[in-house]
Amino acid sequence: MPTENTTIARRRSFIPRLRRRNLDGYEMVVSAPEKPTDDENQSADRNVVIVALFAALGGMLYGYDTGIISGALPKMSAQWGIDHSRQEILTAAILAGAVIGALIGGSLSKTLGRRKTIFIIACVFAVGVVACALAVDAWMMTACRLFLGLAVGACSQIVPTYIAELAPPHRRGAMVTFFNIAIGVGIFLANLVSVFAATDNTFQASESWRWMIGIAVIPALVLAAAMLQLPETPRWLIDNGTVGKARVVLRWMRPNRTAAVDETLKIWAISQQEQKESRGGWTNLTQRWARPALVAGLGIAAFTQLSGLEMMIYYSHTILGSAAGFSTGLVVWSGLGIAAVYLIFTAVGERLVDKVGRRRLMLMLIPGATFFLFGFGLLFILTAHPNRFLTLTLMLAYMACNAAGLQAVGWLLGSELYPLSIRDRATSLHAVALWGSNLILTLTALTTIDALGLGPAFVMYAVFNLLSLVFVYFCVPETKGHSLEDIEQSLRNGTFMPLRGNISSQVDVSPSENPVHSWPAPT
């Protein structure tokens, strides 16, 4: 069958051509488009899911290591005699470390690559949780949580970027949201462990918090082993001059050669344009055309924390037990319910984000989060002892709206808004904005509640949710279905802002009548 032989010969000649010209340039012959078969689509989807699931283990570690403090803190406080101010410092130490980790992680990922950096992060997770489990006093625990925060901050910045750079445009939202779901899984597991440990006198001095924290070493080691096998991202490879390797990775992650070649050409075209314009280092962030992406991304990062959800997770046992007057058993099970709602509705957001769209999903759900959080605060303003069922219902309803909307989209936008030339440093700033606002809220939450009262404090957090709605409407565009290169091109064309235009598929790689693309070696 001559037709099949010709096709096979053409495919076999493709990779050698790339390898033969790897040192002094590339000449890529682009054949007629080939429609992928069902088997090819399924194989590519399976590979993308495998990468996303293993990388998202970093999100589970982040969720568990930040969420376990809710159940462990009362035991530590009873054992070491910690007051509210010291509790805030101990809880917030991991967030302070996260700010530092986010800054370090960006430089590491640019130099070493995403894959190697995530491997290092996994090792820091493993060492950090063991050190925390062995802490002998509150100050040592604070120092160990500060070290553990380095991994949390770097992970939150690099893992979404790693998944986004490997996922195809039509699956990117769902795949990156695996990271959010993994955070929810980690928080749920942390509360489930707290339920099991509750039989050991939850609010009494106890050593059970040690195994509660230390058990997280297992997923950390699994993540480290997985990153030794998973691929590097094609965008980092092309940006560092290894186009042939990038095309091989894309061929594994895409249904056929046509899709892999097209995406390789797009990434290369953007990379070459950025190399010509690059000023180097942090000064790239001052480029005017990239400013709207920084405003949108950093603003969303701050509002995901200022909305109050993660602070509520950290202090759920303290808020419900001390301020709301819930019994010990009800506090523990309420914490598990909060974690379950967070996990379930993060998964709902994962299903909706590529169908409804990022911007539209936030505009639909932020009003609900604002309303329910305002109602929660108003209950405690009107009466000192509101109905517990209504109190918990309003809290869970707020969690559902926030988790499926702002939280699900916040991490995703941080991985897809920023142009390649500033992506490493911009995602670092994104994580710094996120963890910095989280740090401020966590350091002041109990003090604010003591000073203003539970009701007024949560009305204030409801106002932050309302401000986030205004911000999304004016500053955050719809990125659903668009490649990272299309988003960058819209920034250059001035059509990025939601009220100025629409992102469209507009990256020009070459004239259509010329089937040959010559690639000079990167300098």
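For every chain, the first residue of the written sequence is number 1, and numbering continues from 1 along that sequence. Predicted model: local features are reported for residues with pLDDT of at least 70 only, side-chain atom pairs are reported and counted for 80 or more only, and whole-chain, interface and lining totals are derived from all residues. Side-chain metrics rest on all non-hydrogen atoms present in the structure, leaving aside hydrogens and water.

### Some words on the overall build of the protein
Going along the chain from the N terminus, every DSSP run of H or I of four or more residues is numbered as a helix, and every run of E of two or more is numbered as a strand. Along the backbone of the protein there are 22 helices and 2 strands. Two residues form a contact once any of their heavy atoms are found within 4.5 Å. In the protein, the proportion of contacts linking residues at least 24 apart, taken out of those at least 6 apart, comes to 82%. What sets the accessible areas is the Shrake-Rupley method with a 1.4 Å probe; for residues, cover comes only from the shown protein chains. Entry remark: accessible area of the protein is about 20,200 Å², with carbon and sulfur atoms responsible for 65%.

### Comments concerning helix α18 (residues 358-382)
Working rule for helices: expected span equals 1.5 Å times residues minus one. Between its first and last C-alpha, α18 extends 36 Å over 25 residues, near the 36 Å set by a 1.5 Å rise per residue. Considering bend angle alone, the principal kink of α18 is centred on leucine 365 and spans about 30°; proline proline 367 follows within four residues of it. What the bend at a residue measures is the angle between two axes, fitted to the seven residues ending there and to the seven starting there.

### Focus: the pattern of salt bridges
The term salt bridge refers to a pairing of a side-chain nitrogen on Lys or Arg with a carboxyl oxygen on Asp or Glu at a separation within 4 Å. The final tally for this structure, using the stated rule, is 10 salt bridges. Glutamate 263 serves as the salt-bridge partner of arginine 254, at 2.7 Å between the closest nitrogen and oxygen. Burial here depends on accessible area, computed with a 1.4 Å probe over protein chains only, as a share of the maximum for the residue type. Under 20% is buried, over 50% is exposed, and the range in between is partly exposed. Since its relative accessible area comes to 4%, arginine 254 is described here as buried. Classification of glutamate 263 by relative accessible area gives buried; the value is 10%. Between arginine 358 and aspartate 354 there is a salt bridge; the shortest N-O distance is 2.7 Å. Accessibility expressed as a relative area gives 0% for arginine 358, which makes it buried. Salt bridges linked by common partners bring Arg172, Asp354, Arg358 and Glu416 together as one network.

### Focus: a nonpolar patch on the surface
For patches, a residue must show more than 30% relative accessible area and have no salt bridge; joins then use 9 Å for like charges and 5 Å for nonpolar side chains, namely Val, Leu, Ile, Met, Phe, Trp and Tyr. A grouping of Ile50, Phe54, Phe196, Trp211, Ile215, Ile218 and Val222 is seen on the molecular surface, where their side chains present a nonpolar patch of about 660 Å² in accessible area. Within the fold, isoleucine 218 resides in helix α10 (residues 217-227).

### Considering the packing of aromatic side chains
In summary, the pairing rule links any two rings of Phe, Tyr or Trp, Trp by its six-membered ring, whose centres are within 6.5 Å, and it sorts them by plane angle into stacked for under 30 degrees, edge-to-face for over 60 and tilted for everything else. Applying the stated criterion across every chain yields a total of 10 aromatic pairs. Taking 6.4 Å as the distance between ring centres and 40° as the angle between the ring planes, the aromatic pair formed by tyrosine 461 and phenylalanine 464 counts as tilted. One end of the pair is tyrosine 461 and the other is phenylalanine 464, both in helix α21 (residues 454-475) and 3 residues apart, which spans about a single turn. The class of tyrosine 461 is buried, set by a relative accessible area of 1%.

### Description of the confidence of the model for the protein
Here the protein shows a mean pLDDT of 81. Residues at 70 or above account for 84%. Scored below 50 in pLDDT, residues 10-24 shows 20 contacts in the model against residues more than four places distant or in partner chains. Note on residues 507-523: pLDDT under 50 across the span, and 37 contacts to partners over four residues away in sequence or across chains. For every residue, the predictor states its confidence as a pLDDT score lying anywhere from 0 to 100.

### Examining the packing of helix α3 (residues 57-67) against helix α7 (residues 138-166)
In this description, a line fitted to the C-alpha atoms serves as the axis of each element, helices being fitted only across the stretch in contact, and the angle between N-to-C directions of two axes falls anywhere from 0 to 180 degrees. Viewed as axis vectors pointing N to C, α3 and α7 meet at an angle of 145°, and their least axial separation amounts to 9 Å. The crossing of α3 and α7 is left-handed. Across the interface between the two elements, Gly58, Gly59, Tyr62, Asp65 and Thr66 from α3 touch Arg145, Leu148, Val152 and Cys155 from α7. Under the grouping applied here, Gly and all other residues not named as nonpolar or charged are polar, the nonpolar ones being Ala, Val, Leu, Ile, Met, Phe, Trp, Tyr, Cys and Pro and the charged ones Asp, Glu, Lys and Arg. Of the residues belonging to the contact of α3 with α7, the class tally is 4 nonpolar, 3 polar and 2 charged. Left-handed describes a crossing in which the near helix is turned anticlockwise from the far one by less than a right angle; the clockwise case is right-handed.

### A word on the state of the cysteines
Put plainly, two cysteines are in a disulfide when a covalent bond ties their sulfur atoms together. Cysteine sulfur atoms are paired as a disulfide whenever they come within 2.5 Å of each other. Per the counting criterion, the structure on display carries 0 disulfides. Here cysteine 132 is not disulfide-linked; the sulfur of cysteine 144 is the nearest cysteine sulfur, at 5.0 Å.

### Focus on the environment of lysine 35
Within the secondary structure, lysine 35 is located in the loop between β1 (26-29) and α2 (38-55). In this structure lysine 35 comes out as exposed when scored by relative accessible area, which is 77%. For the pair formed by lysine 35 and alanine 259, sequence separation is 224 residues and the distance between their alpha carbons is 9.2 Å. Discounting chain neighbours no more than four positions away, the residues touching lysine 35 are Glu40 and Asn256.

### Regarding the side chain of glutamate 310
If you trace the backbone, glutamate 310 turns up in helix α15 (residues 309-314). The positive count covers Lys and Arg only, the negative count covers Asp and Glu only, and His and the chain ends enter neither. Here glutamate 310 is buried and forms no salt bridge, its nearest opposite-charge partner arginine 145 lying at an N-O distance of 10 Å. Side-chain polar atoms of glutamate 310 contact the side chain of tyrosine 62, separated by 2.7 Å. For glutamate 310, the residues in contact, after removing those within four places along its chain, are Tyr62, Gln305, Gln407 and Asn438. Any N or O atom pair separated by 3.5 Å or less is treated as a polar contact, with the protein-specific requirement of one donor-capable and one acceptor-capable atom, and with residues adjacent in sequence counted only for side-chain atom pairs.

### Quick notes on the packing of α2 against α7
Two numbers describe how α2 lies on α7: the axes approach to 10 Å, and their chain directions differ by 180°. Taken together, α2 and α7 sit at an angle that is classed as roughly antiparallel. Contacts from Val51, Ala52 and Ala55 of α2 reach α7 at Val159, Tyr162, Ile163 and Leu166. If an angle is under 35 degrees, it is roughly parallel; if it is over 145, roughly antiparallel; if it lies from 65 to 115, roughly perpendicular; otherwise it is oblique.

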